[in-house]
Amino acid sequence: MSGAAPEIRLVVFDFDGVMIDFVPERRLQFLEQLTGKPAADIHAAIWGSDFEIGAEQGAYRTGDAYLAAFNERIGFQLSRAQWIAARRSAMQLRPDMVEYARSLSERVSLALLTNNGALLHEALPELVPEVCGVFIKNLHASYEFGARKPDTEVFTRLLEHCRVPAQQAVFIDDYYEFIQGAISAGMHGIHFQNLPQLRAALEPLLR
C-alpha cells in the first residue's frame, strides 16, 4: 500500500542500563579492594583516560590484548577471571527485560549493541547467560565495528552486518545522544526509561 510505514524487522537493544542495571562505582570499589590501589587512580588510568574509548573503537581486537593493556595501565596483573568478577560486581540482571526481549524474538529479529571492548564481549556468556540465550549470536560490542555510539558508523555497520535497512530497524538505549546517533543513521529510536514506557513506544511500531 502506498505510503505505508516500512515493516520493522530488527530491534536493537543497548546492554548497560537497559538489559541490566550497571553501577560502575561498585566495580571501582571491587578493584580497589583487590589491587590495593586507590579507586581514583584506577578510574583515571582507564575510564578517565582515552583507553576505554579506544578499546570501544577497536584498539584491541581480542580479550587477551585488552586485558594486557588494562593491566599495564593500572600497574597490576589481574587475571581474566578477576576482571570478569569486577565487572559482575557492578551488574544486576533485569529479568523483566530479558523476558520481554524473549517475547519479541518470536516476532522480529533482535540484536544487542553495547559500547564495549573485546573482553566484555567475550565474557557475556559467563556474565549474562540469560541475555545470550535470547540474543543468541547477535550480541555485538562496538569494537567489532571500529566505531562507538553515538557515531552513525557503528549503526550503519551493524545494519550492514544484520542485512536490514535502517528504516526497518529500531534502536533502544538509555542515553539520549546515542538515540540521536541511531536516528541520524536512519533508524527509529526509543529513549529507554523503563519497561512500561518501552512497550508503549515500541509496540505501535511493530503492528
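Computed from a predicted model, the values in this text were never measured in an experiment.

A.B. asks: Just to check I follow, could you spell out the layout of surface pockets for this structure?
C.D. replies: In this approach, a probe sized like a water molecule rolls over the atoms, and the result shows the empty space that is left. Taken as a whole, the largest pocket spans an internal volume of roughly 650 Å³. Around the largest pocket, the lining is made up of 24 residues, and of these D16, F22, P24, E56 and Y175 lie nearest the centre. Sorting the residues of the lining of the largest pocket by element identifies helix 1 (24-35) and helix 3 (51-56) as the ones contributing at least two each. For the lining of the largest pocket, the residue count by class is eight nonpolar, six polar and ten charged. Its boundaries defined by the atoms lining it, the second largest pocket holds a volume of some 170 Å³.

A.B. asks: Help me out: how do you make sense of the nonpolar core in this one?
C.D. replies: The tendency in soluble globular proteins is for nonpolar side chains to be buried as a group. The biggest cluster of nonpolar side chains holds 52 residues, and the ones touching the most others in it are F13, M19, F135, I172, L198 and L202. Those residues in contact with F135 that sit more than four places away from it in its chain are F13, M19, A101, L110, A111 and L112.

A.B. asks: What should I look at first to understand the side chain of N71 in this one?
C.D. replies: In this structure, N71 sits in helix 4 (residues 63-74). Given a relative accessible area of 3%, N71 falls into the buried group. At a separation of 3.0 Å, a polar atom in the side chain of N71 contacts the main-chain carbonyl oxygen of L78.

A.B. asks: Sorry, what's going on with the packing of helix 1 against helix 5 (residues 80-89) here?
C.D. replies: Interhelical geometry of helix 1 versus helix 5 gives an angle of 140° and a closest axis separation of 7 Å. Between helix 1 and helix 5, the crossing angle belongs to the class labelled oblique. The two elements helix 1 and helix 5 meet at a crossing, and its hand is right-handed. For the pair helix 1 and helix 5, contact is made by R26, R27, F30, L31 and L34 and by Q82, A85, A86, R87 and S89, respectively.

A.B. asks: Is there a simple way to explain the pattern of salt bridges in this structure?
C.D. replies: Once the charged atoms of two side chains with opposite charge are near each other, the side chains can pair. All chains considered together, the criterion is met by eleven salt bridges. A salt bridge links D64 to R80, with the nearest nitrogen and oxygen atoms 3.1 Å apart. You can see D64 sitting in helix 4 and its partner R80 sitting in helix 5, a full 16 residues away along the chain. Given the relative accessible area of 55%, D64 is considered exposed. In this structure R80 comes out as partly exposed when scored by relative accessible area, which is 30%. With its nearest N and O atoms 2.9 Å apart, the salt bridge here joins R107 to E203. Here R107 is found in the loop between helix 6 (95-104) and strand 4 (109-114), whereas its partner E203 is found in helix 11 (residues 195-206), with 96 residues between them in sequence. With relative accessibility at 45%, the residue R107 sits in the partly exposed group. Counted as one network, the salt bridges with shared partners bring together D14, K149 and D173.

A.B. asks: Please explain the environment of N115 as it appears in this structure.
C.D. replies: With respect to the helices and strands, the residue N115 is situated in the loop between strand 4 and helix 7 (118-127). N115 gets classed as buried once you look at its relative accessible area, which sits at 11%. Separated by 50 residues in sequence, N115 and A65 place their C-alpha atoms 17 Å apart. Excluding its chain neighbours within four sequence positions, the residues that come into contact with N115 are E56, S142, R148, K149 and F178.

Definitions and limits used
- Residues numbered from 1 in each chain as written.
- Predicted model: local features only at pLDDT ≥ 70, side-chain atom pairs only at ≥ 80, totals over all residues.
- Heavy atoms only, no water.
- 1 Å grid on protein atoms, 1.4 Å probe; cavity = no way out; pocket = protein on both sides within 12 Å on 5 of 7 lines; lining within 4 Å.
- Points joined across faces, edges and corners; volume = space filled by probe spheres on them.
- Helix = DSSP H or I, 4+ residues; strand = E, 2+ residues; numbered from the N terminus.
- Nonpolar A, V, L, I, M, F, W, Y, C, P; charged D, E, K, R; others polar.
- Core = buried A, V, L, I, M, F, W, Y, C linked by side-chain atoms within 4.5 Å.
- Buried < 20%, exposed > 50% of the residue type's maximum accessible area, 1.4 Å probe, protein only.
- Contact = heavy atoms within 4.5 Å.
- Polar contact = N/O pair within 3.5 Å; in protein donor to acceptor, adjacent residues only side chain to side chain.
- Axes fitted to C-alpha atoms, helices over the stretch in contact; angles between N-to-C directions.
- Parallel < 35°, antiparallel > 145°, perpendicular 65-115°, else oblique.
- Left-handed = near helix turned anticlockwise from the far one by under 90°.
- Salt bridge = Lys/Arg side-chain N within 4 Å of Asp/Glu carboxyl O.

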